[in-house]
Amino acid sequence: MAIMVCGGAGYIGSHTVREFLSAGEEVIIVDNLSTGHRAAINPAVKFYECDIRNKSALKKIFADNEVEAVVHFAAFIEAGESVRLPLKYFSNNVYGMQILLEAMTECGVDKIIFSSTAAVYGEPERIPIDEGDKTFPTNPYGESKLIMEKMIRWVGAAHGVRYVSLRYFNASGASLDGSIGENHHPETHLIPLILQVPLGLRDHITVFGTDYPTPDGTCIRDYIHVIDLADAHLCALKYLRAGGASNIFNLGTGHGFSVKEIIDAAEKVVGREIKKELGARRAGDPARLVASGEKARKILNWTPRFDDVEKIIATAWQWHSTHPNGYDS
């Protein structure tokens, strides 16, 4: 039976497809290529260029393939953009989830693994963040993902769909062979933005805020390698296959690194100084976002392999230095 990966041409989706294939799984990809990349698609995988809001197309894909489970990455993810364009996010993310769940229930597909986000927590009450902590998103992106989680839960109660929702912290790094990696337009994530400086694609990296209540005054985040995220999806699939109940898990290392520490680590990796400028705080940036990943370790038997931030950045550098313009290089 096949695993349908929605958004399988994107950053985390393409790495997850690779992990599934390595584990001997049959995979099909559904992606409208609005943010994904055709070059990231494994040529051995059956690919459907399709928007998940097209229910008739989804139902045909289900009818033509023996789909066991859905892995859902097909959402817009930029928090800042979501504040400017909230309806874009509610249409693609929330309505897209509605149509996907309708197609699944009408076609008898009863398992889904959902790519959620730490943004559902908003401003954290404590560190590390636990799955039981309050969810109060501070932007439409986080709100849309929280709504999507609730939709799956209610549909599961009504129609017997079982789910695993994975709340990511800061995805980072690239494949170990440097063949696939992070390629967003525009790029908003810290590590690729830092690496654009030694590549000559930007003059400097701006550090937004140096007066946070942290040891060096800059924000602290939990960086998790994209391969570890991909592996967690495989663990989630095994969990659901074994009859596991619907559940929500944080995916993080439990270790936080400040913006300054990430820049210092990047300088060691690339072997040169990276020009930086100090800027004011950005509205809505919490001082610390660090996950408790104990629940995923205990229940999913998931163990992150990459907990050294220099090694994480080294895989990103291998990708970006050989693909300075992403898949257009």
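Residues numbered from 1 in each chain as written. Predicted model: local features only at pLDDT ≥ 70, side-chain atom pairs only at ≥ 80, totals over all residues. Heavy atoms only, no water.

Novice: I'd like a description of the sheet that holds strand S3 (residues 46–49), backed by residues and values.
Specialist: What the seven strands build is an open sheet, ordered S3-S2-S1-S4-S5-S6-S11; its pairing is parallel. Strands with a single pairing partner mark the edges of an open sheet, and in this sheet they are S3 and strand S11 (247–251). When strand polarity is set aside, the average angle formed by the axes of neighbouring strands in this sheet is 20 degrees. Pairing between strand S2 (residues 26–31) and S3: four bridges, direction parallel. Looking at the pairing, valine 30 lines up with tyrosine 48 of S3. Its contacts with the sheet put helix H5 (residues 140–159) on strand S4 (67–72), strand S5 (111–117), strand S6 (162–168) and S11, and the angle it makes with S5 is roughly 160 degrees. Running over the sheet, helix H7 (residues 226–241) touches strand S1 (2–6), S4, S5, S6 and S11 and is turned about 160 degrees from S6. (Pairing = 2+ DSSP bridges. Helix = DSSP H or I, 4+ residues; strand = E, 2+ residues; numbered from the N terminus. Axes fitted to C-alpha atoms, helices over the stretch in contact; angles between N-to-C directions. Contact = heavy atoms within 4.5 Å.)

Novice: I'd like to hear about the layout of surface pockets, residue by residue, with values.
Specialist: By volume, the second largest pocket amounts to about 160 Å³. If you go around the second largest pocket, you meet 13 residues; those closest to its centre are Asn183, His184, Gln196, Pro324 and Gly326. Taken together, the residues of the lining of the second largest pocket break down into three nonpolar, eight polar and two charged. (1 Å grid on protein atoms, 1.4 Å probe; cavity = no way out; pocket = protein on both sides within 12 Å on 5 of 7 lines; lining within 4 Å. Points joined across faces, edges and corners; volume = space filled by probe spheres on them. Nonpolar A, V, L, I, M, F, W, Y, C, P; charged D, E, K, R; others polar.)

Novice: How would you sum up the pairing of S2? Please name residues and give values.
Specialist: Burial analysis of S2 places five of its six residues in the buried class, which makes it a mostly covered element. Across five bridges, S1 lies against S2 in parallel orientation. When the bridges of S2 are listed, valine 5 appears paired with isoleucine 29. Handedness of the β-α-β unit built from S1, helix H1 (residues 11–22) and S2 comes out right-handed. (Buried < 20%, exposed > 50% of the residue type's maximum accessible area, 1.4 Å probe, protein only. Right-handed = clockwise from strand over helix to strand, strands pointing away.)

Novice: Give a description of the side chain of aspartate 133 that names residues and reports values.
Specialist: Relative to the helices and strands, aspartate 133 is located in the loop between S5 and H5. If we skip the residues at most four places from it in the chain, aspartate 133 touches Tyr121, Arg126 and Pro128.

Novice: Outline empty space enclosed by the protein, listing residues and values.
Specialist: Within this structure, the stated rule accounts for two cavities of 30 Å³ or more. The computed volume of the largest cavity comes to approximately 50 Å³. Of the residues contributing to the lining of the largest cavity, the split by class is three nonpolar, no polar and five charged. Looking at the second largest cavity, its volume works out to about 30 Å³. Around the second largest cavity, the lining residues are Ala9, Gly10, Tyr11, Ser14, His37, Ala40, Gly181, Asn183 and Tyr327. Grouping the amino acids of the lining of the second largest cavity by side-chain chemistry returns four nonpolar, five polar and no charged.

Novice: If you had to explain H5 to someone new, which residues and values would you point to?
Specialist: The end-to-end C-alpha distance of H5, which contains 20 residues, comes to 28 Å, matching closely the 28 Å that a straight helix rising 1.5 Å per residue would cover. Summarising the contacts, the buried residues of H5 are in contact with S4, helix H3 (79–84), helix H4 (86–107), S5, S6 and S11. Between a side-chain oxygen at the N-terminus of H5 and the backbone nitrogen of tyrosine 141 the separation is 3.2 Å; the capping residue is asparagine 139. Among the residues trailing H5, glycine 160 stands out with phi positive, at a value near 80 degrees. (Expected span 1.5 Å × (residues − 1). Polar contact = N/O pair within 3.5 Å; in protein donor to acceptor, adjacent residues only side chain to side chain.)

Novice: So what about the nonpolar core? Which residues, and what values?
Specialist: Ile12, Leu166, Leu251, Leu300 and Trp302 are the most contacted members of the largest nonpolar core, which totals 38 residues. When contributions to this core are tallied by element, the ones reaching two or more residues are S1, H1, S2, S4, S6, H7 and S11. Apart from the residues lying within four places of it in its own chain, the contact partners of tryptophan 302 are Ile224, Asp228, Asp231, Ala232, Cys235, Leu251, Gly252, Ala296 and Arg297. Cys50, Leu58, Val94 and Met104 belong to the second largest nonpolar core, which has 31 residues in total. (Core = buried A, V, L, I, M, F, W, Y, C linked by side-chain atoms within 4.5 Å.)

Novice: Give a detailed account of unusual backbone geometry, specifying residues and quantitative values.
Specialist: Cis geometry marks the peptide bond from isoleucine 127 to proline 128, where omega comes out at 0 degrees. Looking at where proline 128 falls in the secondary structure, it is placed in the loop between S5 and H5. Cis peptide bonds are those with omega within 30 degrees of zero, and the linkage from histidine 185 to proline 186 qualifies with -5 degrees. Take proline 186: it is sitting in the loop between strand S7 (170–172) and helix H6 (190–195). One non-glycine residue, leucine 33, adopts positive backbone phi at about 60 degrees.

Novice: I'd like to hear about the sheet that holds strand S14 (residues 288–289), residue by residue, with values.
Specialist: Spatially, three strands are ordered S12-S9-S14 in an open sheet, and the strand pairing comes out mixed. Looking along the sheet, the strands with just one partner apiece sit at the ends: strand S12 (257–258) and S14. Note that strand S9 (residues 220–221) and S12 share two bridges and pair antiparallel. In the strand pairing of S12, isoleucine 220 is matched with serine 258.

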